[in-house]
Amino acid sequence: MEHEDTLRATFAKLQGEAVPSHAHGAANVIRRGRAVRSRRRTAAVVGTAVATAAVAALALALLPSQPTTPEPGAPVPTETTTPGVLTTPTDLPP
């Protein structure tokens, strides 16, 4: 009987109190969770973009600005030097 009296007193006390806010309700928990995921996703995308821009800037800073072109060399001889093949010289007088 003592437990019943304690329960009645507890319920009477709770009836006089205001209804608790729904700040910790399921809908608010889900909304806050989605907001956190959205912020994390945005931070990941921004971080990736900044890292990519940093790598591109570093590559542009360290690579040479213009490619070097080789100097023209001596002309390549057109005569074949294969043994056993006879060629007609072209620089002999007629």
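Residues numbered from 1 in each chain as written. Predicted model: local features only at pLDDT ≥ 70, side-chain atom pairs only at ≥ 80, totals over all residues. Heavy atoms only, no water.

Novice: If you had to explain the overall build of the protein chain to someone new, which residues and values would you point to?
Specialist: Of regular secondary structure, the protein chain possesses two helices and zero strands. In the protein chain, which comprises 94 residues, the proportion classed as buried is 0%. Split by element, the accessible area of the protein chain, about 9500 Å² in all, is 65% carbon and sulfur. (Helix = DSSP H or I, 4+ residues; strand = E, 2+ residues; numbered from the N terminus. Buried < 20%, exposed > 50% of the residue type's maximum accessible area, 1.4 Å probe, protein only. Areas by Shrake-Rupley, 256 points an atom, 1.4 Å probe, with all protein chains shown as cover.)

Novice: I'd like a description of a nonpolar patch on the surface, backed by residues and values.
Specialist: On the surface, a nonpolar cluster with roughly 320 Å² of combined accessible area is contributed by Leu7, Phe11 and Leu14. Checked against the element boundaries, leucine 7 lands in helix H1 (residues 2-15). (Patch = residues over 30% accessible without salt bridge, like charges linked within 9 Å, V, L, I, M, F, W, Y side chains within 5 Å. Salt bridge = Lys/Arg side-chain N within 4 Å of Asp/Glu carboxyl O.)

Novice: Can you break down the environment of arginine 32 residue by residue, with the values?
Specialist: Counting through the fold element by element, arginine 32 comes out in helix H2 (residues 26-62). What makes arginine 32 partly exposed here is its relative accessible area of 44%. Beyond its immediate chain neighbours, meaning those up to four positions away, arginine 32 contacts Ala23 and His24. (Contact = heavy atoms within 4.5 Å.)

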